[in-house]
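Take a look at the letters that make up each chain.
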Amino acid sequence: MAPEGWFRDEAPAAPVQNPAAGWAAGGGSGAAWGDGSAAEQTAYLPPQAAAPVGDAAEQTAFLPPYPGPGPGTGPEEPAAATAAPAARPADAPAGPEVPGEEPAYSPPTLAGNTVRAVDPAQARAEGRSPIIDPGPQPAILTAALGLLLAGAAAVGDLALLAPLVALQALTAAGWFRLNGMWPARQGIALAFLGALVADGAVLAVDDSYGPGAIIGTLGAWVLLTLVLQLRSHADPDERMYGLMASVASAALAIACAGYLAADSAAVSVGAAAVAVAAFTRALPLPTPASVGVSLAAATGAGIAVGGLTSVGVGGALVGLVAGVCALIGLRVAAYDYPSKFVHMTAGVALPLAAAAPAVYLIGRVVG
């Protein structure tokens with residue numbers, strides 16, 4: 001009968017004697033191994049059984065020490081689970097922010113990044129308001145530019161064109177910086193070019209077709225901006241931000257051409273009202289009082305200038321609406337923390353740009 005264990009995967013149950021020891025005991029004969037020969041007796045032995053017997057510590061010296069299961073590891077879990085995790089590479093993305101730690105803000109950039117260097121949310125977290133009014137210097141520039149528009153409108157359309165082009169350039173540049181994108185030379189150039197095309201279209205048609213020329217130019221520039229943004233290779237989010245900023249900048253710059261399409265008397269009244277409202281708003285008064293005084297001053301300026309022109313008493317309505325638009329423009333330009341460049345561009349231009357459509361519409365009503 002075959003020895004136990006031959007028909008299974010396990011080793012034989014009977015202990016196997018080292019053949020070297022058998023040869024030593026039997027003097028080189030096979031008598032010590034039973035009836036069979038030594039070759040037959042050792043044919044089934046594994047290779048390691050023929051190795052000389054040595055010290056157990058020497059035979060297992062090359063094996064690494066077994067650390068044993070650590071705390072929290074079950075019988076099914078490998079012992080490697082208790083090892084310390086490998087260090088994270090330097091270029092690997094950081095994990096989620098730990099609660100209580102301050103988030104890291106990106107450094108200022110000059111590559112046209114759409115993310116602001118200092119977010120308004122950070123200003124609120126620090127207890128500071130992200131709304132900062134432009135102040136007296138932009139108000140003085142707005143008042144000067146408004147008075148230039150009012151005086152040039154009384155002379156003629158060609159005289160009005162010079163301060164109007166300056167207003168459109170400030171609007172195009174200031175709006176991009178207000179949205180945190182700078183430099184944006186292509187977008188500014190595109191918006192400014194649309195404003196020049198609108199000016200030329202208004203001057204080329206009759207006065208009754210002026211609004212149509214402005215709306216047609218605006219529609220063509222929105223389509224052109226959309227096509228150019230679709231050809232961009234930037235990220236989808238950046239392309240959307242760029243599209244919105246480009247369309248809004250072009251729309252505001254083109255809307256300034258409403259001063260050319262409006263009646264010259266209404267332009268004089270509205271521009272003077274904006275100049276007075278912006279200057280009054282910069283006075284050191286509480287906000288509710290400052291708003292009320294600004295609107296009252298704009299209405300009074302409309303009445304005064306309207307009495308000198310053909311608008312008459314209707315100048316009060318033109319002045320009031322223009323003053324409201326000027327305050328809205330100042331509020332929009334104030335939402336940037338903090339940027340003096342925005343205040344000296346958008347803070348100067350937005351009050352006058354926002355009032356241009358209102359001057360045209362209210363001028364038609366009272367005229």
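Residues numbered from 1 in each chain as written. Predicted model: local features only at pLDDT ≥ 70, side-chain atom pairs only at ≥ 80, totals over all residues. Heavy atoms only, no water.

Topic: the overall build of the protein
Right, on to step 1. Looking only at helices and strands, one finds 14 helices and zero strands in the protein.
Right, on to step 2. Counting from the amino terminus, helix and strand elements in the protein follow one another as α-α-α-α-α-α-α-α-α-α-α-α-α-α.
Right, on to step 3. Relative to its 367 residues, the protein shows a buried fraction of 35%.
Right, on to step 4. Pairs at least 24 residues apart make up 71% of the contacts formed inside the protein by residues separated by at least 6 positions. (Helix = DSSP H or I, 4+ residues; strand = E, 2+ residues; numbered from the N terminus. Buried < 20%, exposed > 50% of the residue type's maximum accessible area, 1.4 Å probe, protein only. Contact = heavy atoms within 4.5 Å.)

Considerations on the nonpolar core
Right, on to step 1. Ranked by size, the top nonpolar core spans 48 residues in total, and within it L149, L160, L167 and Y259 carry the most contacts.
Right, on to step 2. If one sorts the elements of this core by residue count, helix 14 (residues 340-366) sits on top with eight residues.
Right, on to step 3. Apart from residues no more than four positions distant in its own chain, L160 is found in contact with L149, A152, A153, Y259, L260 and V267.
Right, on to step 4. Within the second largest apolar cluster, six residues are counted, among which are W175, A333, V342 and A346. (Core = buried A, V, L, I, M, F, W, Y, C linked by side-chain atoms within 4.5 Å.)

Focus: helix 6 (residues 157-178)
Right, on to step 1. Taking 1.5 Å per residue, 22 residues should reach 32 Å; helix 6 reaches 30 Å between its end C-alpha atoms and fits that length.
Right, on to step 2. Along its length, helix 6 shows its largest kink, about 30°, at P163.
Right, on to step 3. Listing the buried residues of helix 6 in full gives L160, P163, L164, L167, Q168, T171, A172, A173, G174, W175, F176 and L178.
Right, on to step 4. Just beyond helix 6, the residue with positive phi is G180, at close to 85°. (Expected span 1.5 Å × (residues − 1). Bend = angle between axes of the 7 residues up to and from the residue.)

Focus on a nonpolar patch on the surface
Right, on to step 1. A contiguous nonpolar surface patch, about 420 Å² in accessible area, is contributed by I140, F279, L283, L285 and V293.
Right, on to step 2. With respect to the helices, strands and loops of the structure, L283 is situated in the loop between helix 11 (264-281) and helix 12 (287-308).
Right, on to step 3. Here L283 falls in the partly exposed class, since its relative accessible area comes to 36%. (Patch = residues over 30% accessible without salt bridge, like charges linked within 9 Å, V, L, I, M, F, W, Y side chains within 5 Å. Areas by Shrake-Rupley, 256 points an atom, 1.4 Å probe, with all protein chains shown as cover. Salt bridge = Lys/Arg side-chain N within 4 Å of Asp/Glu carboxyl O.)

Here we look at the confidence of the model for the protein
Right, on to step 1. On average, the protein scores 76 in pLDDT, and the residues at 70 or more come to 65%.
Right, on to step 2. When pLDDT is averaged over each helix and strand of the protein, the minimum, 43, is found for helix 1 (residues 19-26) and the maximum, 95, for helix 11.
Right, on to step 3. Of the regions scoring below 50 in pLDDT, residues 1-13 engages in seven contacts with residues more than four places distant in sequence or in other chains. (pLDDT = per-residue confidence, 0-100.)

Thoughts on a negative patch on the surface
Right, on to step 1. A surface patch of negative charge is lined by D157, D206, D207 and D263.
Right, on to step 2. Residue position: D263 is located in the loop between helix 10 (258-261) and helix 11. (Lys, Arg positive; Asp, Glu negative; His and termini not counted. Charge placed at Lys NZ, Arg CZ, Asp CG, Glu CD.)

Focus: the environment of L226
Right, on to step 1. The residue L226 is located in helix 8 (residues 210-230) in this model.
Right, on to step 2. For L226 and M240, which are 14 residues apart along the polypeptide, the C-alpha to C-alpha distance reads 9.8 Å.

Looking at helix 11
Right, on to step 1. Taking 1.5 Å of rise per residue, 18 residues should cover 26 Å, and helix 11 covers 26 Å from first to last C-alpha, within 8% of that figure.
Right, on to step 2. With respect to burial, helix 11 is a largely interior element, 15 of its 18 residues being buried.

Details of the side chain of S249
Right, on to step 1. Here S249 lies in helix 9 (residues 236-255).
Right, on to step 2. In this structure the side chain of S249 is engaged in a polar contact, spanning 3.3 Å, whose partner is the backbone oxygen of A172.
Right, on to step 3. Among all residues touching S249, those that are not within four sequence positions of it are T171, A172, W175, F176 and A191. (Polar contact = N/O pair within 3.5 Å; in protein donor to acceptor, adjacent residues only side chain to side chain.)

Thoughts on the pattern of salt bridges
Right, on to step 1. Under the criterion given, the structure shown has one salt bridge.
Right, on to step 2. Across the pair D133 and R281 runs a salt bridge, and its minimum N-O distance is 3.9 Å. On the criterion of sequence distance, the pair formed by D133 in the loop between helix 4 (120-125) and helix 5 (136-155) and R281 in helix 11 is long-range, its members being 148 residues apart.
Right, on to step 3. A relative accessible area of 41% means that D133 is categorised as partly exposed.
Right, on to step 4. A relative accessible area of 17% means that R281 is categorised as buried.

Examining the side chain of T142
Right, on to step 1. By the secondary structure assignment, T142 is in helix 5.
Right, on to step 2. From its side chain, T142 meets the backbone oxygen of V348 in a polar contact 3.1 Å long.

Things to note about the environment of I303
Right, on to step 1. Along the polypeptide, I303 turns up in helix 12.
Right, on to step 2. I303 gets classed as partly exposed once you look at its relative accessible area, which sits at 45%.
Right, on to step 3. With 34 residues separating them in the primary sequence, I303 and V269 have C-alpha atoms 8.2 Å apart.

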